[in-house]
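Descriptive analysis of the structure
Residue strings, one per chain:
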Amino acid sequence: MAWTCFPAPKGTSSASSGTRVLTIDGQPYTRIYNGANGNASGVAMMLELARMLKTNSLMLKRSVVFVAFGASLESQIGSWYFLNRSFPAADRIDAMVNLDVLGRGQGFYAYTGSNSDLNRILNRVNSTLQPIKPEITAAEPMDSDHRMFYASEIPSVLFTTGMYPEYGTDRDTPSILQYDDMERELEYLYNFTMELVNGAALAFRPDGSGDAPVETARAIPYYECDIPPTFLGSTDPKVFLEKWVYAYLKYPQEAVRNGIQGRVLVDFIIDEKGKVKDVKVLRGVDPLLDAEAVKVVAASPDWKPARLNGKKVRSEMSLYVEFKLEKKKNR
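**A short note on the overall build of the chain**
In terms of helices and strands, the chain carries eight helices and 14 strands. Per-residue burial for the chain yields a buried fraction of 49% across its 331 residues. If you take every contact in the chain between residues at least 6 apart in sequence, the share linking residues at least 24 apart comes to 79%. In the form shown here, the chain has an accessible surface area of approximately 16600 Å², with 51% of it arising from carbon and sulfur atoms.

What follows is the structure, given as structure tokens:
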């Protein structure tokens with residue numbers, strides 16, 4: 001039996017939604033992060049797509065599995081666990097479709113990692129009458145769970161409307177969603193799914209090249225490495241935070257004056273030579289804090305690189321850098 005997996009990103013445990021208690025000028029302040037687009041739009045589209053496919057299940061030539069992953073912002077731990085621990089038939093998955101952030105944006109995009117088989121299906125569907133057609137982009141619009149499937153050499157496509165200003169803030173509410181566009185996107189996704197499920201098997205390297213990818217071409221999540229990257233003799237990321245980040249972090253004075261604080265989620269690569277590269281913010285708090293977090297992480301001394309199968313590899317790590325103001329004592 002062939003399996004086709006269509007996971008939706010960011011399950012309810014994703015950090016893009018929830019309730020957070022912040023301290024501003026010494027006073028607790030509760031903010032509700034609805035995550036209407038960053039979390040719920042992909043899940044809602046997945047559920048409606050599942051309903052549509054169930055209605056026409058007799059027309060499907062393959063089995064379809066729907067999964068909503070949690071912990072997407074923590075280096076896609078949820079999708080890694082699905083592939084490596086919880087799903088017994090991971091080696092029989094034909095393709096993966098990732099629905100992530102589909103409710104607001106300046107366009108509608110499809111990213112396949114330049115897989116020519118998937119691009120061929122997209123072009124075939126795009127050549128027919130559709131309510132909306134995605135732009136096939138060679139540049140990855142955003143980091144999401146399709147990466148884990150791609151790393152496992154499973155043909156994967158990400159559908160998204162891309163990043164948006166309200167992402168990761170309490171302004172990500174249902175009022176910002178573009179429901180008419182979502183309805184058109186859903187109709188396209190259904191038509192694409194039917195073409196994919198009932199079509200020929202896909203190849204991960206349709207160009208015919210049998211060469212295995214270079215192991216260091218992608219960054220391995222640090223927890224997947226046989227020997228994680230080491231900083232000052234320790235594989236515990238907390239040592240990096242304590243010995244380097246918090247030792248050299250400078251709280252921006254403007255942020256202090258305005259009572260801005262919170263946790264910035266920073267992602268970075270440690271290459272085969274132990275150098276820190278590609279530092280970026282996955283979930284920011286404020287441009288002042290975000291920039292300082294990136295600055296201090298990017299200035300890190302060299303690490304001892306990670307190893308996998310006895311070879312040095314590029315590894316990826318995500319850490320929260322916390323900015324916390326001290327409460328003024330009353331005299």
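On we go.
**A closer look at the pattern of salt bridges**
Summed over all chains, the structure comprises eleven salt bridges. The salt bridge involving Arg-147 is made with Glu-140; its shortest N-O contact spans 2.7 Å. In this structure Glu-140 comes out as partly exposed when scored by relative accessible area, which is 29%. When the shortest N-O distance is used, the salt bridge between Asp-181 and Arg-184 registers 2.4 Å. You can see Asp-181 and its partner Arg-184 sitting in helix H5 (residues 179–197), three residues apart, about one turn around the helix. Salt bridges sharing partners connect three or more residues here, namely Glu-140, Asp-143, Arg-147 and Glu-316.

**Quick look at the packing of helix H3 (residues 116–126) against H5**
For the pair H3 and H5, interaxial distance at closest approach is 10 Å and the crossing angle is 125 degrees. The orientation of H3 with respect to H5, classified from their angle, is oblique. When you trace H3 past H5, the crossing you get is right-handed. Contacts between H3 and H5 involve Leu-118, Ile-121, Leu-122, Arg-124, Val-125 and Asn-126 from the first element and Tyr-188, Asn-191, Phe-192, Glu-195 and Leu-196 from the second.

**Regarding the nonpolar core**
In terms of nonpolar packing, the biggest core is built from 36 residues, with Leu-99, Phe-159, Tyr-188, Phe-192 and Leu-196 touching the most fellow members. Counting residues per element, the ones that place at least two in this core are helix H1 (36–55), strand E5 (93–99), strand E6 (109–111), H3, strand E8 (156–160) and H5. Here this core gets eight residues from one element, more than from any other, and that element is H5. Membership of the second largest hydrophobic core comes to 24 residues, among which are Leu-241, Val-245, Val-264 and Val-321.

**Section: unusual backbone geometry**
A positive phi angle is found at Ser-114, which is not glycine, with a value near 65 degrees. Among the structural elements, Ser-114 can be located in the loop between E6 and H3.

**Focus on H3**
Asp-117, Leu-118, Asn-119, Ile-121, Leu-122, Val-125 and Asn-126 are the residues of H3 that are buried. Each element contacted by the buried residues of H3 is listed here: E6, strand E7 (135–136), E8 and H5. Its side-chain oxygen 3.1 Å from the backbone nitrogen of Asp-117, Asn-115 forms the N-cap of H3.

**Looking at the packing of aromatic side chains**
For the structure shown, the criterion picks out 17 aromatic pairs. Geometrically, the ring pair formed by Tyr-222 and Tyr-223 is edge-to-face, given 5.7 Å between the ring centres and 75 degrees between the ring planes. Overall, Tyr-223 belongs to the partly exposed group, its relative accessible area being 26%. An aromatic cluster of at least three residues, connected via ring pairs, comprises Phe-69, Phe-82, Phe-87 and Phe-149.

**Focus: the environment of Ser-152**
With respect to the helices and strands, the residue Ser-152 is situated in the loop between helix H4 (146–151) and E8. A C-alpha to C-alpha distance of 9.2 Å links Ser-152 and Ala-90, two positions 62 residues apart in sequence.

**Concerning the pairing of strand E14 (residues 315–323)**
Here E14 lies mainly inside the structure; eight of its nine residues are buried. Relative to E14, strand E9 (residues 220–221) runs parallel, the two being bridged by two bridges. When the sheet's bridge partners are listed, Ile-220 is paired in E14 with Ser-315. Looking at chain direction, strand E10 (residues 262–270) and E14 are connected through nine bridges and run antiparallel. Across the sheet, the residue bridging to Gly-262 is Phe-323, located in E14.

**Side note on the side chain of Asn-126**
Within the secondary structure, Asn-126 is located in helix H3. The buried category is assigned to Asn-126, whose relative accessible area is 14%. Ignoring anything within four residues of it in the chain, the contact list for Asn-126 reads Lys-133, Pro-134, Ile-136 and Tyr-188.

**Some points on the environment of Val-281**
For Val-281, the location among the structural elements is in strand E11 (residues 276–283). Judged by relative accessible area, Val-281 falls into the partly exposed class, the value being 30%. Spatially, the C-alpha atom of Val-281 lies 8.8 Å from that of Phe-268, the residues being 13 residues apart in sequence. Setting aside its immediate chain neighbours within four residues, Val-281 contacts Val-264, Leu-265, Asp-290 and Val-294.

**Regarding the sheet that holds E9**
Here we have four strands laid out as an open sheet, ordered E9-E14-E10-E11, and mixed in their pairing. Across the chains shown, the open sheet's two edge strands, defined by having one partner strand only, are E9 and E11. Of the strands in this sheet, E10 and E14 touch helix H6 (residues 237–248), which is tilted by about 55 degrees from E14.

What counts, and where the lines are drawn
Residues numbered from 1 in each chain as written. Predicted model: local features only at pLDDT ≥ 70, side-chain atom pairs only at ≥ 80, totals over all residues. Heavy atoms only, no water. Helix = DSSP H or I, 4+ residues; strand = E, 2+ residues; numbered from the N terminus. Buried < 20%, exposed > 50% of the residue type's maximum accessible area, 1.4 Å probe, protein only. Contact = heavy atoms within 4.5 Å. Areas by Shrake-Rupley, 256 points an atom, 1.4 Å probe, with all protein chains shown as cover. Salt bridge = Lys/Arg side-chain N within 4 Å of Asp/Glu carboxyl O. Axes fitted to C-alpha atoms, helices over the stretch in contact; angles between N-to-C directions. Parallel < 35°, antiparallel > 145°, perpendicular 65-115°, else oblique. Left-handed = near helix turned anticlockwise from the far one by under 90°. Core = buried A, V, L, I, M, F, W, Y, C linked by side-chain atoms within 4.5 Å. Polar contact = N/O pair within 3.5 Å; in protein donor to acceptor, adjacent residues only side chain to side chain. Phe/Tyr/Trp six-rings, centres within 6.5 Å; stacked < 30°, edge-to-face > 60°. Pairing = 2+ DSSP bridges.

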